[in-house]
Amino acid sequence: MQENIDYFIFGIMPYIALTVLVVGSIARYERDPFTWKSSSSQLLRRKQLVWGSILFHVGIITVFGGHLVGLFTPVWVLDVLGVPYALKQWMAVILGGTAGIMALIGATMLIHRRVTDPRIWRHTSFADIGILVLIWLQLLIGLGTITLTLQHMDGAEMVRFMTWSQSVIFLKLNAWAMVVNVHWLYKVHIFLGLLITILFPFTRLVHMISGFAAPFRYLSRPGYQIVRSRRKSVKPAE
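Residues numbered from 1 in each chain as written. Predicted model: local features only at pLDDT ≥ 70, side-chain atom pairs only at ≥ 80, totals over all residues. Heavy atoms only, no water.

Draft legend 1. Molecular detail of helix α8 (residues 184-199). The end-to-end C-alpha distance of α8, which contains 16 residues, comes to 23 Å, matching closely the 22 Å that a straight helix rising 1.5 Å per residue would cover. For α8, the full list of buried residues reads L185, Y186, K187, H189, I190, L192, L194, I196 and I198. (Helix = DSSP H or I, 4+ residues; strand = E, 2+ residues; numbered from the N terminus. Expected span 1.5 Å × (residues − 1). Buried < 20%, exposed > 50% of the residue type's maximum accessible area, 1.4 Å probe, protein only.)

Draft legend 2. Highlighting the UniProt feature "binding site: heme b" (unreviewed entry) in the protein chain. Mapped onto this structure's residue numbering, the UniProt feature "binding site: heme b" (unreviewed entry) falls at H57, H67, H189 and H207. The residue H67 is located in helix α2 (residues 46-72) in this model. Owing to a relative accessible area of 40%, H67 belongs among the partly exposed residues under this scheme. Aside from chain neighbours lying at most four places away, what touches H67 is F72 and H189. Within the fold, H207 resides in helix α9 (residues 207-219). Residue class for H207 comes out partly exposed when judged on its relative accessible area of 25%. (UniProt positions renumbered as here; feature names shortened; annotations may be inferred. Contact = heavy atoms within 4.5 Å.)

Draft legend 3. Up close: the pattern of salt bridges. Tallied over the entire structure, the rule returns four salt bridges. For D117, the salt bridge identified is with R119, shortest N-O distance 3.2 Å. Of the residues examined, D117 reaches a relative accessible area of 5% and is grouped as buried. Here E157 and R160 are joined by a salt bridge, their closest N and O atoms 3.3 Å apart. Residue E157 and its partner R160 are located together in helix α7 (residues 156-169), separated by three residues, close to a single helical turn. (Salt bridge = Lys/Arg side-chain N within 4 Å of Asp/Glu carboxyl O.)

Draft legend 4. The arrangement of the packing of helix α1 (residues 2-31) against α7 in detail. Packing of α1 against α7 brings their axes to within 10 Å, and their N-to-C directions diverge by 55°. As the angle between them shows, α1 and α7 are arranged oblique. Seen from above, α1 lies across α7 with right-handed handedness. Of the residues in α7, those touching α1 at F10, P14, Y15 and L18 are W164, S167, V168 and I169. For the contact of α1 with α7, the residue count by class is seven nonpolar, one polar and no charged. (Axes fitted to C-alpha atoms, helices over the stretch in contact; angles between N-to-C directions. Parallel < 35°, antiparallel > 145°, perpendicular 65-115°, else oblique. Left-handed = near helix turned anticlockwise from the far one by under 90°. Nonpolar A, V, L, I, M, F, W, Y, C, P; charged D, E, K, R; others polar.)

Take a look at the structure:
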């Protein structure tokens, strides 16, 4: 039974998550482009929103970027550059831990703001609060894995997760067997990450894509601009 669960989470779920992420995001943009945004409530309790939003966004972008680079950088690149595995581990613990704490505090402030203010709560959908709580829980568990990381600073577990992540991308279907023996906290962390990826296209998280794509959309904009005159058109005299 446990082996089947591990096979589903590490062997099948990553491909489900990637498929839903890509197809769902494209479908939502094509069908409901005006929902491709983060609905604003900035006029209500603005100070708490500003601080919570800054801490959350800076922290979560740093955590996301760190995971992306850390998991998908080939191991041979570290070897060629002479980067010790222990150094990479310490960078992940210090930088990732700091960013994770920032994001967790920010997420807590945003959740508190939505839950305690009746005006904001009335306009909060289940998807809004649900995805925020999932991210909060994911951040908390991620910080909890730091205690496990400190127990094996030789980089063995790090290399295992890097190899698994890259094997999934290269469609190595037996990759799931590499991580079946890791600590259960790591398994929950991976499961929640994949679950959030699946829910991504159906929540306000899609505005992240708009943020990353904005510079490219600016560079590819048309060279001309349509300008309408403010003067009323004058009909010729008959």
